[in-house]
Amino acid sequence: MSIFDLVIRNARCVTAADVFEADIGIRDGRIAALGRALAVGREEIDAAGRWVLPGGIDGHCHFDQPTGDGTRMADDFLTGTRSAACGGTTTIIPFACQQRGHSLREAVDDYHRRADGKASVDYAFHLIVSDPTPQVLAEELPALIREGYSSFKIYMTYDDLKLDDRQIIDVLAVAREHGAMVMMHAENADCIAWLTERLLAAGHTAPRYHAEARPMLVEREATHRAISYAQLVDVPILIVHVSGREAMEQIRWAQGRGMRIYGETCPQYLFLSAEDLGIDDSEAAHRRGSMCICSPPPRDKGNQEAIWDGLENGVFQVFSSDHAPFSIDDPQGKQAAGAKASFDKIPNGIPGVETRLPLLFSHGVQSGRLDICQFVALTATNVAKTYGLYPRKGSIAVGSDADLVIWDTHAPRPIRNADLHHAVDYTPYEGIEVSAWPALTLVRGQAVWRDGEFLGRPGQGQFQPCGLPAPARPKTRGRNT
Ligand code: URP
Ligand code: ZN
Ligand code: ZN
């Protein structure tokens, strides 16, 4: 009888640190051995000449998240994780969102019910804290952190989610005390409200005015404020979905002073620009613009270049999809407020869980902008470390889960929504060429995607409780200055 369930032979393995040739022996869903001439497995795959990378971890995506305003996300855990698997992502971390007036525990229980029996890749949950009552701060959050929900997002904008400054500081203090990671949505709500009112009063309602209502300044100011509060409390934070240079400068400034400030960016800030929100008030521009409305909005080409630089030079630690799936032709989706709705009534968010890795591999690694080890760090290893899943997830190492992707790097094709596996009726990346795509995705040693066929089973994906994030473990002394 073989000691391995599966052996991947002659793999060109990539971790965040190294590239090495090895056979990978897999037993009971874990990597049991790495070496040469391993014993024959019950199943064998020859990966000669192919890159074998840790499965992607998407540390920021929204599936089946209740919205409370009559809109509906197109992807649930069935279709969202199917799409993830087909694009090489083996673990997703969506958000259990607290509704005001309700407990965090209710959100977590509800979200487990939504995921149970549906996921085909592994999953963990972040929390969204929208109502930090004394009970939430003193009891619920500490208990949930201990139970494996050790990261939470807080919003500085959106009326139904945003916290005021004092609430932000209170939540950061809980994170510091218990070693959790806080993700900050950094946009200044009052500036946005003021600009929006003026734009609407002037009759500027088209999607392109979304970008004018949320200029870089509102993101820069909020990013600086978030960093200041993190410094005050002496706690690490991650600024999510950073869209351009000015916010990056704030992060770089803080990093340069030794603060533990981390950055996340997303494909929309590399591959979309404000022009995708429409260049005029035509119907076609409204439709295309609605598809690309997300916050912060895509910026200009110069900011796209700045984001590429930030991926390369270490401003950013994680690259996530921020998959927020609203269909365009769904009356509860992008057009929930009508086909010509004003920009402020169009649900924010775009899909991207399946295209995240092929886009970055093709246009980052294959075009020579990113080292392949950086790709692994940004899309898997750093994500696992940031959210307390490392080394179970995010690496190729003995003892780690056998979440692996064998890449086909000679697969030129344009992205077509018809080829994707989400339930959204469009992709904003339609027509963009990619040359790399996963040939095989393994979740704990089981194939969920192979040669163009989805093989996953609902319920195969398991909930992964998170430990304390490596960067957020309480320091023993000193302040964050
Ligand atoms: O527009 C976006 N990013 N929608 C998703 C929700 C969020 O703020 O991440
Ligand atoms: Zn956000
Ligand atoms: Zn998001």
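Residues numbered from 1 in each chain as written. Chains lettered and ligands numbered in written order. Predicted model: local features only at pLDDT ≥ 70, side-chain atom pairs only at ≥ 80, totals over all residues. Heavy atoms only, no water.

## So, the coordination of the zinc ion (ligand 3)
Working step 1: Around the zinc ion (ligand 3), the protein contributes the donor atoms His60 (NE2), His62 (NE2) and Asp322 (OD), which lie 2.0 Å from the metal centre.
Working step 2: Sequence spacing of the donors to the zinc ion (ligand 3): H-x1-H-x259-D.
Working step 3: For the pair the zinc ion (ligand 3) and the zinc ion (ligand 2), the metal-to-metal distance amounts to 4.1 Å. Of this pair, His62 sits in the loop between strand E6 (56-58) and helix H1 (77-86) while Asp322 is found in the loop between strand E15 (318-319) and helix H12 (356-365), placing the two residues 260 residues apart along the sequence. (Donors = N, O, S within 2.8 Å, 3.2 Å for Na, K, Ca; no water. Helix = DSSP H or I, 4+ residues; strand = E, 2+ residues; numbered from the N terminus.)

## Description of helix H8 (residues 245-256)
Working step 1: In this model H8 runs 16 Å from its N-terminal to its C-terminal C-alpha over 12 residues, within 8% of the 16 Å that 1.5 Å per residue would give.
Working step 2: Within H8 the residues assigned to the buried category are Ala247, Met248, Gln250, Ile251, Ala254 and Gln255. Down the axis of H8, the smallest arc covering the buried residues is 155°, so these residues share one side.
Working step 3: Looking at the buried side of H8, the elements it contacts are helix H7 (216-233), strand E13 (237-239), strand E14 (261-265) and helix H11 (301-313).
Working step 4: One or two steps after H8, the chain reaches Gly258, where phi turns positive at roughly 85°. (Expected span 1.5 Å × (residues − 1). Buried < 20%, exposed > 50% of the residue type's maximum accessible area, 1.4 Å probe, protein only. Arc of directions from axis to C-beta. Contact = heavy atoms within 4.5 Å.)

## Some words on the site of ligand 1
Working step 1: Close to ligand 1 lie 13 residues, the nearest being Lys153, His185, Ser295, Asp322 and Asn348.
Working step 2: With respect to ligand 1, the side chain of Asp322 contributes an N or O atom lying 2.7 Å from a nitrogen atom.
Working step 3: The separation between a nitrogen atom of ligand 1 and a polar main-chain atom of Asn348 is 3.5 Å.
Working step 4: In the complex, 94% of the free accessible area of ligand 1, which totals 270 Å², lies under the protein chains.
Working step 5: A class-by-class count of the residues in the shell around ligand 1 yields 4 nonpolar, 7 polar and 2 charged. (Near = heavy atom within 4 Å. Polar contact = N/O pair within 3.5 Å; in protein donor to acceptor, adjacent residues only side chain to side chain. Areas by Shrake-Rupley, 256 points an atom, 1.4 Å probe, with all protein chains shown as cover. Nonpolar A, V, L, I, M, F, W, Y, C, P; charged D, E, K, R; others polar.)

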